[in-house]
Amino acid sequence: TAKGDKRQVVLDSLGAQGLSVVCPDVNTSGVNTQILDQSTIQLGLADIAVSGKKGEKIVAERTTAGPYTSVADLKERTKLNSGQVNAIIESGAADSIVCGAGRLGALMSNDPIAGLYAEWSPVERSARQYSKLGVEIGVSPLDELGDLSDLFSGSQPLSLDEIDFNDPPWGRVFVVGIVRDLAI
């Protein structure tokens, strides 16, 4: 969405200034985005697409009864439905309570037909997070996939700002990226 794209530009700008923006977390986030320290900003639970007012319920229950210990504990204490819990998992807000199962394992335990029986690839993890938060937080899937230059023998990777478009010819230009949304 246009709103998500604008938010991504702001978050990228904060990163360029040395500030770290981290995912919401059911055990540490407030309802709204907050400053954790001089260099870290944490998104709020209300930033999760389907969370809305449920973010207040998550924080109130955590304040009353203590941190959540598992996805099942979160679901039981807050009475969130499976779709809301799935959104929390996909956004990364349950990473602190998934107990080593990873996001996909937590999603499968909440809703057995929710996904494939393997850990998400970096691209899938990023796409799911983007669909729930409207922004991509953390390491880009392209960075996690590593050096892709071997796919283009003899090519030297450059960023677009390194190309002098006023001084052709450039030869072959390969553009590598991730298509986040496609409308036909």
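Everything numeric here is computed off the predicted structure, so don't read it as measured data.

Reading the values: rules and limits
Once a new chain begins, its residue numbering starts again from 1 and follows that chain's sequence as written. It should be noted that, the model being predicted, local features are given only for residues of pLDDT at least 70 and side-chain atom pairs only at 80 or more, the latter also being counted only at that level, while totals for whole chains, interfaces and linings use all residues. Remark: hydrogens and water are excluded; side-chain values derive from all non-hydrogen atoms of the structure. Runs of H or I in DSSP of at least four residues are treated as helices and runs of E of at least two as strands, each being numbered from the N terminus. The buried label applies to any residue whose accessible area, calculated with a 1.4 Å probe on protein chains only, is under 20% of its type's maximum; exposed applies above 50%, and partly exposed to all values in between. All accessible-area figures derive from a Shrake-Rupley calculation using a 1.4 Å probe, and residue coverage is judged against the displayed protein chains alone. Two strands make a pair as long as DSSP finds a minimum of two bridges between them. Angles here are taken between N-to-C directions and fall from 0 to 180 degrees, while the axes themselves are lines fitted to C-alpha atoms, restricted in helices to the stretch in contact. By the definition adopted for this analysis, an angle is roughly parallel if under 35 degrees, roughly antiparallel if over 145, roughly perpendicular if from 65 to 115, and oblique otherwise. By the definition used in this description, the sense in which the near helix is turned from the far one sets the handedness, with an anticlockwise turn below a right angle giving left-handed and a clockwise turn giving right-handed. Any two residues having at least one pair of non-hydrogen atoms within 4.5 Å are treated as being in contact. Amino acid classes used here: Ala, Val, Leu, Ile, Met, Phe, Trp, Tyr, Cys and Pro are nonpolar; Asp, Glu, Lys and Arg are charged; the rest, including Gly, are polar. For this document, the term salt bridge refers to a Lys or Arg side-chain nitrogen within 4 Å of an Asp or Glu carboxyl oxygen. Taking the helix axis as origin, the arc is that swept by the directions to the C-beta atoms. By the criterion applied in these results, polar contacts are pairs of N or O atoms within 3.5 Å in which, for protein atoms, one can donate a hydrogen and the other can accept it, and in which residues neighboring in sequence qualify only through two side-chain atoms.

Student: Any chance you could explain the overall build of the protein chain here in plain terms?
Tutor: Looking only at helices and strands, the protein chain has 7 helices and 3 strands in total. Written out in order from the N terminus, the α and β elements of the protein chain read α-β-β-β-α-α-α-α-α-α. The proportion of buried residues among the 184 residues of the protein chain is 36%. Within the structure as shown, the protein chain displays about 11,200 Å² of accessible surface, and the carbon and sulfur contribution to it stands at 56%.

Student: Just checking my understanding: could you explain the sheet that holds strand β3 (residues 40-42) for this structure?
Tutor: Hydrogen bonding along the main chain pairs the strands of a sheet, whether they run parallel or antiparallel. Pairing in this open sheet of 3 strands is mixed, and the strands run β1-β3-β2 from one edge to the other. Lying at the two open borders of the sheet, with one neighbouring strand each, are β1 (20-22) and β2 (34-37). Taken pair by pair, the neighbouring strands of this sheet meet at an average axis angle of 30°, ignoring direction. Pairing analysis gives 3 bridges linking β2 to β3, with the strands arranged antiparallel. Bridge pairing in β3 links D37 to T40.

Student: I would appreciate a short explanation of the packing of helix α3 (residues 71-78) against helix α4 (residues 82-91) in the present structure.
Tutor: When two helices pack together, their arrangement is given by the angle between their axes and by how far apart the axes lie. Here α3 crosses α4 at 135°, and the two axes come no closer than 11 Å. Between α3 and α4, the interaxial angle falls into the category oblique. Between α3 and α4 the crossing geometry is right-handed. Contacts from V71, L74 and K75 in α3 reach S82, V85, I88 and I89 in α4. The residue makeup of the contact of α3 with α4, split by class, is 5 nonpolar, 1 polar and 1 charged.

Student: Would you mind showing me how to read the pattern of salt bridges here?
Tutor: Any two side chains of opposite charge can pair, given that their charged atoms come close. Tallied over the entire structure, the rule returns 3 salt bridges. Of the charged contacts, one joins E61 and R77 as a salt bridge, the two residues approaching to 3.1 Å between their closest N and O atoms. Of this pair, E61 sits in helix α2 (residues 54-65) while R77 sits in helix α3, and the two are 16 residues apart along the sequence. By relative accessible area, which is 19% here, E61 ends up buried. The exposure class assigned to R77 is buried, which follows from its relative accessible area of 18%. Where salt bridges share partners, they join E61, D73 and R77 into one cluster.

Student: Is there a simple way to explain α3 in this structure?
Tutor: One turn of the α-helix equals 3.6 residues, which is why residues spaced by three or four share an orientation. For α3, every residue scored as buried is listed here: V71, D73, L74, R77 and T78. Taken end-on, α3 shows its buried residues confined to a sector of 160°, consistent with a single buried face. In α3, the exposed positions angled more than 90 degrees off the buried face are occupied by A72 and E76.

Student: What should I look at first to understand α4 in this one?
Tutor: Summarising burial for α4: 8 of the 10 residues are buried, a large majority. Between a side-chain oxygen at the N-terminus of α4 and the backbone nitrogen of G83 the separation is 3.0 Å; the capping residue is N81. Backbone geometry just downstream of α4 places G92 in the positive-phi region, at approximately 95°.

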